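Chain and residue survey
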Number of protein chains: 2
Amino acid sequence: MEVLLPPSLQSLLKTLERLPGIGPRSALRIVQALLRRSDLLLQLHQAIGAVVESIYSCPVCGFWVEKEKPCQLCEDPRRTDPVLCIVKEVADVLAIERSQAFNGRYHILGGVLDPLAGVGEKDLRLAELWQRLQRENYEEVIIALGTSPEAETTAYYMARRLADWHGRLTRFASGIPVGSELSYVDPLTLSRSLRERQLLSL
Amino acid sequence: MEVLLPPSLQSLLKTLERLPGIGPRSALRIVQALLRRSDLLLQLHQAIGAVVESIYSCPVCGFWVEKEKPCQLCEDPRRTDPVLCIVKEVADVLAIERSQAFNGRYHILGGVLDPLAGVGEKDLRLAELWQRLQRENYEEVIIALGTSPEAETTAYYMARRLADWHGRLTRFASGIPVGSELSYVDPLTLSRSLRERQLLSL
């Protein structure tokens, strides 16, 4: 009977339940941990307050930046490859950066087209992308939105839209993850990695 | 490379990772959800702020109460059974209240004795309990701390400490959960529910 709880706690529980991966039980566990240790509660409050005040989305690439500071990714002069990599969200940028294999710039779309979930063209940073491709000079655009059906549809839509664009349009290779056993790989991935097989170069 | 993120976001991620059930990946997913929807970010900030300002622990039972308001559980005149139920945490009170089967009062211990984890007598609300049992009139104390080894040890410790107390000392019955198949019940539970079998009353 959560009605027993004071209203401010009920509203905190409800807000926590709106976060991804948090249900009623984990929300209650989190609140218990916060109230057991008031330093943690205060620290969380201050950390969120600082983010509310200082973080915004870079108007160019969509990465998270601190107010009054240039975007680390857009302003970095060492990123010299004339390649623009289009990803779904910030976590994708972090994952690609961890690989240390990319030296171009990013454009965060903020999601993929998903009519059933009500995500249309206007909910994504597509207009910003078309403008950016006119304004900045790239020789290649990598569409790296993942391999869900919605992502593939979005990639297809963007490819059609960019048909007249002068540069190359690419996507990340699909295939067997490094370190995987062949027998554990799903059939679709296997068939793709067969179709896109590469010459063994010594 | 989370070093790419602005410092205030890094500190929010670190704080979130200190909450139960949240690791680096889920912290990042939560931050993404919060930054995608600034209303949610603000709402969470305000909800936590309200809790910081208004919630404290009832000095008698340990339940969460709003400042300046009496504790719903301690002050409810309809709770007339002279029985004190000792539980580990607030979630236990909520679970028992959902059963609508208990009409006494609660005492939240705040944990169980766990020397390996550094939880000693002084970290629990034990002193408050001894005082309470002298001050208030109960005929029965139910020790309902669960069935982990630490909980059983704590219950044993409390039972020894309360040996001279005038009332009855009980614990919740162990047994087969209602609706369970016998063949799925673990051996320990099964042996307990055999030992504590009840007369079939028609």
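Just so you know, these numbers come straight off a predicted model, no measurement behind them.

1. A short note on the relation of the copies chain A and chain B
Each copy of the sequence occupies a distinct position, and chain A is placed on chain B by a rotation of 180° and an axial shift of 0.0 Å, giving an RMSD of 0.1 Å. The transformation just described matches what one would write down for a two-fold rotation axis. Residue H45(A), judged by its C-alpha, is the member of chain A lying nearest the rotation axis, at 3.1 Å. Taken together, the interface assignments show that 100% of the residues at the interface of chain A recur at the interface of chain B, consistent with an identical surface on both copies.

2. Quick notes on the packing of helix α1 (residues 7-17) of chain A against helix α3 (residues 38-54) of chain B
The interhelical angle for the contact between α1(A) and α3(B), taken along N-to-C directions, is 150°, at an axis separation of 9 Å. Between α1(A) and α3(B), the interaxial angle falls into the category roughly antiparallel. Where α1(A) crosses over α3(B), the two elements pack in a sense that is left-handed. Here S8(A), L9(A), S11(A), L12(A), T15(A) and L16(A) of α1(A) lie close against α3(B), whose contacting residues are L40(B), Q43(B), L44(B), A47(B), I48(B), A50(B), V51(B) and S54(B).

3. What to know about the interface of chain A and chain B
Contact residues are listed per partner, giving 57 residues for chain A and 57 residues for chain B. Between chain A and chain B the total buried area reaches about 5400 Å² when both faces are included, carbon and sulfur atoms providing 70% of it. Remark: the boundary between chain A and chain B carries four salt bridges. The salt bridge involving D39(B) is made with R18(A); its shortest N-O contact spans 3.9 Å.

4. Some remarks on the domain arrangement of chain A
As assigned here, chain A comprises domain 1 (2-53), domain 2 (79-171) and domain 3 (175-202). A C-alpha centroid distance of 44 Å is found between domain 1 of chain A and domain 3 of chain A.

5. A closer look at the environment of E152(B)
For E152(B), the location among the structural elements is in helix α7 (residues 149-161). Separated by 40 residues in the primary sequence, E152(B) and V112(B) have C-alpha atoms spaced 9.0 Å apart.

6. Some points on the pairing of strand β3 (residues 83-87) of chain B
Residue and element names in this part refer to chain B. Among the five residues of β3, five are classified as buried, and the element is accordingly described as predominantly covered. The alternating pattern of β3 places V83, C85 and V87 and L84 and I86 on opposite faces, both of which are buried. Relative to strand β5 (residues 140-144), β3 is paired through five bridges, and the arrangement is parallel. Bridge pairing links I86 to I143 in β5. Note that β3 and strand β4 (residues 105-108) share four bridges and pair parallel. Residue pairing in the sheet places I86 in a bridge with H107 of β4. Note that the unit made of β3, helix α5 (residues 90-99) and β4 has a crossover that is right-handed.

7. What about the sheet that holds β4(B)?
Residue and element names in this part refer to chain B. Pairing is parallel in the open sheet, where four strands are placed in the order β4-β3-β5-β6. The sheet is open, and its two edges are formed by β4 and β6 (168-171), each paired on a single side. Across the sheet, the mean angle separating the axes of adjacent strands is 25° when strand polarity is ignored. Across the sheet, α5 lies against β3 and β4, angled at about 155° from β4, the strand it touches most.

8. With respect to the nonpolar core
Residues L16(A), F63(A), L16(B) and F63(B) are the most contacted members of the largest nonpolar core, which totals 82 residues. Sequence-distant contacts of F63(B), that is, excluding residues within four places in its chain, are made with L4(A), L5(A), Y56(B), S57(B), C58(B), C71(B), L73(B), V90(B), V93(B), L94(B) and I108(B).

9. Considering the confidence of the model for chain A
Residue and element names in this part refer to chain A. Per-residue confidence for chain A averages 91 on the pLDDT scale, and 99% of its residues sit at or above 70. Mean pLDDT across the elements of chain A ranges from a minimum in helix α8 (residues 187-195), with 86, to a maximum in strand β4 (residues 105-108), with 96. This complex was scored by the predictor with a pTM of 0.80 and an ipTM of 0.81.

10. Topic: helix α1 (residues 7-17) of chain B
Note on helix geometry: an α-helix contains 3.6 residues per turn, so any two residues three or four positions apart are oriented the same way. Of the positions making up α1(B), those classed as buried are S8(B), L9(B), L12(B), L13(B), T15(B) and L16(B). The arc that holds the buried residues of α1(B), viewed along the axis, is 165°, so those residues lie on one side. Set apart from the buried face of α1(B) by more than 90 degrees, the exposed residues are P7(B) and K14(B). At its buried positions, α1(B) is contacted by α3 (38-54), β1 (55-57) and β2 (64-66) of chain A together with α2 (24-36) of chain B.

11. Description of the side chain of E97(B)
Residues and elements named next belong to chain B. Here E97 lies in helix α5. Judged by its relative accessible area of 8%, E97 falls in the buried class. Of note is the side chain of E97, whose polar atom sits 2.6 Å from the side chain of R79.

12. Digging into the pattern of salt bridges
Under the counting rule described, the total for this entry stands at 22 salt bridges over all chains. E136(B) serves as the salt-bridge partner of R132(B), at 3.2 Å between the closest nitrogen and oxygen. Between E136(B) and R135(B) there is a salt bridge, with the nearest N and O atoms lying 3.3 Å from each other. According to the relative accessible area criterion, R135(B) is exposed, its value standing at 53%. Among the charged side chains, a network of salt bridges with common partners joins R18(A), R37(B) and D39(B).

Cut-offs applied
Residues numbered from 1 in each chain as written. Chains lettered and ligands numbered in written order. Predicted model: local features only at pLDDT ≥ 70, side-chain atom pairs only at ≥ 80, totals over all residues. Heavy atoms only, no water. Least-squares fit on C-alpha atoms with pLDDT ≥ 70 in both. Contact = heavy atoms within 4.5 Å. Axes fitted to C-alpha atoms, helices over the stretch in contact; angles between N-to-C directions. Helix = DSSP H or I, 4+ residues; strand = E, 2+ residues; numbered from the N terminus. Parallel < 35°, antiparallel > 145°, perpendicular 65-115°, else oblique. Left-handed = near helix turned anticlockwise from the far one by under 90°. Buried area = accessible area lost by both parts, 1.4 Å probe. Salt bridge = Lys/Arg side-chain N within 4 Å of Asp/Glu carboxyl O. Domains from an automatic or database assignment. Buried < 20%, exposed > 50% of the residue type's maximum accessible area, 1.4 Å probe, protein only. Pairing = 2+ DSSP bridges. Right-handed = clockwise from strand over helix to strand, strands pointing away. Core = buried A, V, L, I, M, F, W, Y, C linked by side-chain atoms within 4.5 Å. pLDDT = per-residue confidence, 0-100. Arc of directions from axis to C-beta. Polar contact = N/O pair within 3.5 Å; in protein donor to acceptor, adjacent residues only side chain to side chain.

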